[in-house]
Amino acid sequence: MSIAVVGGAGYIGSHAVRALLAQNRDIVVIDNLETGHEESVPEGVQFYKGDIRDRDFLNEVFEHEQIDQVVHFAANSLVGESMENPLKYYDNNVFGTQILLETMIKHGVKNIVFSSSAATYGEQKKMPITEEAPTAPTSAYGETKLAMERMMKWCDAAHGTKFVSLRYFNVAGASASGVIGEDHEPETHLIPLVLQVANGQREHITIFGEDYPTEDGTCIRDYIHVEDLVDAHILALDYLKEGGESDIFNLGSNQGFSVKEIVETARTVTGHKIPAVIGEKRAGDPAVLIASSEKARKTLEWSPSRTDIVTIIRDAWNWHQHHPHGYKGADRS
Ligand code: UFG
């Protein structure tokens, strides 16, 4: 039986593929390559290029393969873009998940682990954020992730499809191997942008606002290493296989770093100056987001080991230094 890694050619999905292969799990990768990179899919892995909104395509894959579990990373994930084009997010994230669930139900596949987001919480007063916190997304992106969670809940009630929803905080870093990493076009995330300045590909980093109610006035986020993050997915797959109930877990490092602290750490790690200028606040950015991941630690026995921000930035830097243009020009690895 195989695990279908949906969105397996993307930033997080490609790291999950490596982690699953390292444990000798049978996998198939499904990706429409809208934002994913075929070069990231290892040679020898069964790869299906197609869109989860395409019922016939998905049905064929599930007919052809003996799939018993699904890990679902396929989604659009830019907060800003979702505010300008919310229906793109409903279409790919919500409708795409609907077709995926329909196909799973049709083929008797009972387990799904999927990417949710801290964006489901919106602004919160109480830190760290636990799974009991009220959900109040402040973006269309966050709203679609919440809708996906709710859809899973009702499919569990009606069809017994068990799910684990993993609410990511700020995912960063890259495989310690240096072979795969983050390659978005356009890039909007802080750590890769800061490293592009260190690389000489950008002149400066713009810090979005310095009058937030935090110690240095810049936003605080909880950064989680992508390899720690994918470990939780494998634990969640095993949890479901062992009969675990559907549930939701936060994934973060339980520690916050300000934008200025990230820039400063990147200066130390790279040895580059990294000029920074203060710009306008970005719409929809909460001041502070810090996870409590106690529940994942307890229930899934997840124990992230790369929580040091220096390690996270160092591994990302290793990737960016060796792949300044991402996967461009790379062969399928
Ligand atoms: N930032 C800057 N300058 C930049 C880019 C980002 O100052 O050029 C700041 C942002 O304002 C924010 C912090 O750096 O305070 C982190 O920003 P990112 O864009 O890297 O990440 P976000 O916190 O906006 O987004 C992450 C995930 C989303 C998820 C969101 C939950 O990438 O998928 O957390 O709020 F929805």
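Residues numbered from 1 in each chain as written. Predicted model: local features only at pLDDT ≥ 70, side-chain atom pairs only at ≥ 80, totals over all residues. Heavy atoms only, no water.

Before going further, it helps to spend a moment on the site of the ligand. Looking at the ligand, there are 21 residues lining it, with Leu190, Thr206, Arg221, Arg282 and Asp285 nearest. Contacts to the ligand include leucine 190, whose backbone N or O atom sits 2.8 Å from an oxygen atom. Taking aspartate 285, its side chain carries an N or O atom lying 2.5 Å from an oxygen atom of the ligand. Considering the ligand on its own, with 680 Å² of exposed area, one finds that the protein chains cover 91% of that surface. Those elements that provide at least two residues to the shell around the ligand are α6 (190-198) and β8 (205-208). Grouping the constituent residues of the shell around the ligand by class yields 12 nonpolar, six polar and three charged. (Near = heavy atom within 4 Å. Polar contact = N/O pair within 3.5 Å; in protein donor to acceptor, adjacent residues only side chain to side chain. Areas by Shrake-Rupley, 256 points an atom, 1.4 Å probe, with all protein chains shown as cover. Helix = DSSP H or I, 4+ residues; strand = E, 2+ residues; numbered from the N terminus. Nonpolar A, V, L, I, M, F, W, Y, C, P; charged D, E, K, R; others polar.)

Moving on, we get to the sheet that holds strand β2 (residues 27-31). Read from one edge to the other, the open sheet built from seven strands follows the order β3-β2-β1-β4-β5-β6-β11, with strand pairing classed as parallel. The two strands at the open ends of the sheet, each matched to only one other strand, are β3 (46-49) and β11 (247-251). Taking each pair of neighbouring strands and ignoring which way they run, the sheet shows an average axis angle of 20°. In this structure, strand β4 (residues 67-72) lies alongside strand β5 (residues 111-117), joined through four bridges in parallel fashion. Directly across from histidine 72, in β5, lies its bridge partner phenylalanine 114. Strands β2, β3 and β4 of the sheet are contacted by helix α2 (residues 55-64), whose axis makes an angle of about 160° with β3. (Pairing = 2+ DSSP bridges. Axes fitted to C-alpha atoms, helices over the stretch in contact; angles between N-to-C directions. Contact = heavy atoms within 4.5 Å.)

The buried fraction of strand β1 (residues 2-6) amounts to five of the five residues, a majority that puts the element mostly inside the structure. Side chains Ser2, Ala4 and Val6 of β1 all project onto a buried face; the interleaved residues Ile3 and Val5 project onto the opposite face, where all are buried too. Examined bridge by bridge, β1 and β4 share five bridges and lie parallel to one another. Paired with valine 5 across the bridge in β4 is valine 71. (Buried < 20%, exposed > 50% of the residue type's maximum accessible area, 1.4 Å probe, protein only.)

By the element assignment, glutamate 131 lies in the loop between β5 and α5 (140-159). It turns out glutamate 131 is buried and unbridged, and the closest side chain with the opposite charge, lysine 295, is 5.1 Å from it. Discounting chain neighbours no more than four positions away, the residues touching glutamate 131 are Tyr121, Arg167, Ile248, Phe249, Asn250, Ser292 and Lys295. (Lys, Arg positive; Asp, Glu negative; His and termini not counted. Salt bridge = Lys/Arg side-chain N within 4 Å of Asp/Glu carboxyl O.)

With that settled, consider the packing of aromatic side chains. Given two aromatic rings, their pairing is described by the distance between the two centres and the angle made by the two planes. Evaluation of the coordinates by the stated rule reveals four aromatic pairs. Taken together, a centroid distance of 6.4 Å and an interplanar angle of 35° make the contact between tyrosine 121 and phenylalanine 169 tilted. Here tyrosine 121, found in the loop between β5 and α5, pairs with phenylalanine 169, found in the loop between β6 (162-168) and β7 (170-172); they are 48 residues apart in sequence, far enough to count as distant. For the ring pair tyrosine 239 and phenylalanine 249, a centre distance of 6.2 Å and an interplane angle of 90° mean the geometry is edge-to-face. With tyrosine 239 in helix α7 (residues 226-241) and phenylalanine 249 in strand β11, this residue pair connects regions lying 10 residues apart in the sequence. (Phe/Tyr/Trp six-rings, centres within 6.5 Å; stacked < 30°, edge-to-face > 60°.)

With respect to the helices and strands, the residue serine 116 is situated in strand β5. Overall, serine 116 belongs to the buried group, its relative accessible area being 1%. Between the C-alpha atom of serine 116 and that of histidine 322, which follows or precedes it by 206 residues, the distance is 30 Å. Non-local contacts of serine 116, meaning those with residues more than four positions away in its chain, are made with Lys145, Glu149, Ser165, Leu166, Arg167 and Tyr168. Polar contacts involving the side chain of serine 116 include one to the side chain of glutamate 149, which spans 2.7 Å.

Contact geometry of helix α8 (residues 259-270) with helix α10 (residues 309-322) gives a least axis separation of 10 Å together with a crossing angle of 60°. Put simply, α8 runs oblique to α10. In this structure, α8 meets α10 at a crossing whose hand is right-handed. On α10, the residues touching Ile262, Thr265, Ala266, Val269 and Thr270 of α8 are Ile309, Val310, Ile313, Arg314 and Trp317. Classifying every residue of the contact of α8 with α10 by side-chain character gives seven nonpolar, two polar and one charged. (Parallel < 35°, antiparallel > 145°, perpendicular 65-115°, else oblique. Left-handed = near helix turned anticlockwise from the far one by under 90°.)

Here serine 82 lies in helix α3 (residues 79-84). Within the structure, the side chain of serine 82 is placed 2.9 Å from the backbone nitrogen of tyrosine 141, a separation counted as a polar contact. Setting aside residues up to four positions removed in sequence, serine 82 forms contacts with Tyr89, Ser139, Ala140 and Tyr141.

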